[in-house]
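Descriptive structure summary
One-letter residues, chain by chain:
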Amino acid sequence: MAKIIVVTSGKGGVGKTTTSAAVATGLAVAGHKTAVLDFDVGLRNLDLIMGCERRVVYDFVNVINGEATLKQALIKDKRTDNLYILPASQTRDKDALSKEGVERVLNELSELFDFIICDSPAGIEHGAQMALYFADEAIVVTNPEVSSVRDSDRIIGILQSKSRKAERGEPVKEHLLLTRYNPSRVAQGEMLSVQDVEEILAIDLLGVIPESQSVLKASNQGVPVILDDESDAGMAYSDAVARLLGENRPHRFLEAQKKGFLKRVFGG
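Residues numbered from 1 in each chain as written. Predicted model: local features only at pLDDT ≥ 70, side-chain atom pairs only at ≥ 80, totals over all residues. Heavy atoms only, no water.

**Some thoughts on the packing of aromatic side chains**
- This model, assessed by the stated rule, comprises three aromatic pairs.
- Measuring from centroid to centroid gives 5.1 Å for phenylalanine 39 and phenylalanine 60, while their planes differ by 90°, and the two rings are edge-to-face. Of this pair, phenylalanine 39 sits in the loop between strand E2 (34–38) and helix H2 (46–49) while phenylalanine 60 sits in helix H3 (residues 60–64), and the two are 21 residues apart along the sequence. Phenylalanine 60 carries the same exposure label as phenylalanine 39, and that label is buried.
- For the cation-ring pair, lysine 33 lies above phenylalanine 113, with the distance from its terminal atom to the ring centre recorded as 5.3 Å.
- Stacked on the ring of tyrosine 133, the Lys or Arg lysine 99 has its end atom at 4.0 Å from the ring centre. (Phe/Tyr/Trp six-rings, centres within 6.5 Å; stacked < 30°, edge-to-face > 60°. Helix = DSSP H or I, 4+ residues; strand = E, 2+ residues; numbered from the N terminus. Buried < 20%, exposed > 50% of the residue type's maximum accessible area, 1.4 Å probe, protein only. Lys NZ or Arg CZ within 6 Å of the ring centre and 35° of its normal.)

Laid out in structure tokens, this is it:
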């Protein structure tokens, strides 16, 4: 049976889809057969980040409604073996995701894959609750700012009370992923520190992704940033995936880099 991991947050624009693409790709590169699902019906973006938007024929809702088989709707990633994408519908309403239909699709996927990554919409509306409900584990993505952290705290409350595991009296394993982290701004008091966020949310830290132009560049090119192994963000996502798989890796990119003499003189 596959492990179902939801990538979630309370606030939009924190990097959930970037994270879903990176984590799914990292798991596949590590040799695990992985499916990544877009739960954001009506506003899909996962196919863009994965660079397969022109290959979408059928989607998640088509499979739920019996208009296509899972085999017809799944898109095999061209860059990474073991990786498949199930896109969301752009034309349906989020209410098209029924609990029975989502469960049926996840059960079918569980027989084929080792990991199922669910890219949740932001907030607590219907699509987000469908993604959260079936999770075995959750990656809670947040930026180091008060409103983002507060909204993530609300999501953690929902995971602990309204998920299928919670109904069975079992905990959902929660991981904190802090994105767009800038140590220089933290030092200036413009951002919360890693310790501040950990103290507020009280869940285990999976990774800290530094603020990086490489994330935007990768998104625009339709390439998961984890494949850019020369960028700080790519390396940070690789570390996070390794920790998710049980490896003990130290956290990097937590301190501001000191500029050398030439950079201080000439800038950069």
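**What about the packing of helix H7 (residues 146–162) against helix H10 (residues 194–201)?**
- Across the interface, H7 lies against H10 with an axial gap of 10 Å and an inter-helix angle of 35°. With respect to the hand of their crossing, H7 and H10 are arranged in right-handed fashion. Seen from H7, the contacting residues are Val149, Ser152, Asp153 and Ile156; seen from H10, they are Val197, Ile200 and Leu201.
- Of the residues belonging to the contact of H7 with H10, the class tally is five nonpolar, one polar and one charged. (Axes fitted to C-alpha atoms, helices over the stretch in contact; angles between N-to-C directions. Left-handed = near helix turned anticlockwise from the far one by under 90°. Contact = heavy atoms within 4.5 Å. Nonpolar A, V, L, I, M, F, W, Y, C, P; charged D, E, K, R; others polar.)

**Regarding the pairing of strand E6 (residues 137–142)**
- The buried count for E6 comes to six of six residues, which makes it a mostly enclosed element.
- Across the two faces of E6 the burial is the same, with Glu137, Ile139 and Val141 and Ala138, Val140 and Thr142 all buried.
- With four bridges connecting them, strand E1 (residues 3–8) and E6 associate as parallel partners. Looking across to E6, one finds that threonine 8 is bridged to valine 140.
- As judged from the six bridges shared by E6 and strand E7 (residues 173–181), these two strands associate in the parallel manner. Bridging from a neighbouring strand, glutamate 137 pairs with lysine 173 of E7. (Pairing = 2+ DSSP bridges.)

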